[in-house]
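Given next are the chains, with one letter for each unit.
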Amino acid sequence: MIGDDKFTLVLENLSEEDAPMTIVKPEFMRRWADMQKMSNNANFMNNELQKSNFVINTNNPLIINLLNEEDKAKKENIFRQMFDLALLAQQMLQGEALAAFIQRSMDMMK
């Protein structure tokens, strides 16, 4: 669902108040990508430079509730919503994925 080619999964025991899921670009990779852009060598290691860390806060109550959810469809829907919120926070949710997020949000409020 999250795409192995785009993210590295990281489980962290953060504060309960921290977001349940976040997307973080490693600083080294961000700087390396910037250097590649400046040297007009954007294709070198391009796939690796696009990878970000997908961080799940294992101490967040929403994640704990999600793990305890028995309805598989509901679990997948909530996970997708939290994941899309993490993407949205990093301005990485666009196009059809953004439209699906908006529709799913509307459906959840019914």
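Okay, so let's go over this structure. Predicted model only: the values in this text are computed from it and were never measured.

In terms of helices and strands, the chain carries five helices and three strands. Going residue by residue from the N terminus, the α and β elements of the chain occur as β-β-α-α-β-α-α-α. Expressed as a percentage of the 110 residues in the chain, the buried residues total 26%. In the chain, the share of contacts with a sequence separation of at least 24, taken over all contacts with a separation of at least 6, comes to 74%.

What follows is about the sheet that holds strand β2 (residues 21-24). Ordered in space as β1-β3-β2, the three strands form an open sheet in which the pairing is mixed. The open sheet terminates on both sides in strands that have one partner only, identified here as β1 (7-12) and β2. Each strand axis lies, on average, 25° off the axis of its neighbour in the sheet, ignoring direction. Where β2 and strand β3 (residues 52-57) come together, four bridges link them in antiparallel fashion. If you follow I23 over to β3, its bridge partner there is F54. Each of β1, β2 and β3 is contacted by helix α4 (residues 72-89), which is oriented at about 35° to β2, the strand it contacts most.

Once that is clear, we can look at the side chain of R104. In this structure, R104 sits in helix α5 (residues 95-108). Filtering out sequence-adjacent residues up to four positions away, R104 remains in contact with N77, R80, Q81 and D84.

A few words on the packing of aromatic side chains. All told, the structure shown has five aromatic pairs when counted by the stated rule. The interplanar angle of 80° and the centroid separation of 5.6 Å between the aromatic rings of F7 and F83 together place this pair among those described as edge-to-face. In this pair, F7 is assigned in strand β1 and F83 in helix α4, connecting sequence segments 76 residues apart. Judged by relative accessible area, F83 falls into the buried class, the value being 2%.

Inside soluble globular proteins, nonpolar side chains tend to come together where they are buried. Ranked by internal contacts, the top residues of the largest apolar core, which has 14 residues, are F7, M21, I23, F54, F79, F83 and L87. At five residues, the largest contribution of residues to this core is made by α4. Excluding anything up to four places from it in sequence, L87 contacts F7, I23, R80, M92 and L93.

Counting across every chain of the model gives four salt bridges. We note a salt bridge from D84 to R80, for which the minimum N-O separation is 2.6 Å. Of this pair, D84 and R80 both sit in helix α4, separated by four residues, roughly a single helical turn. Each member of the pair, D84 as well as R80, is classed as buried. Among the charged side chains, a network of salt bridges with common partners joins R80, D84 and R104.

Parameters and conventions
- Residues numbered from 1 in each chain as written.
- Predicted model: local features only at pLDDT ≥ 70, side-chain atom pairs only at ≥ 80, totals over all residues.
- Heavy atoms only, no water.
- Helix = DSSP H or I, 4+ residues; strand = E, 2+ residues; numbered from the N terminus.
- Buried < 20%, exposed > 50% of the residue type's maximum accessible area, 1.4 Å probe, protein only.
- Contact = heavy atoms within 4.5 Å.
- Pairing = 2+ DSSP bridges.
- Axes fitted to C-alpha atoms, helices over the stretch in contact; angles between N-to-C directions.
- Phe/Tyr/Trp six-rings, centres within 6.5 Å; stacked < 30°, edge-to-face > 60°.
- Core = buried A, V, L, I, M, F, W, Y, C linked by side-chain atoms within 4.5 Å.
- Salt bridge = Lys/Arg side-chain N within 4 Å of Asp/Glu carboxyl O.

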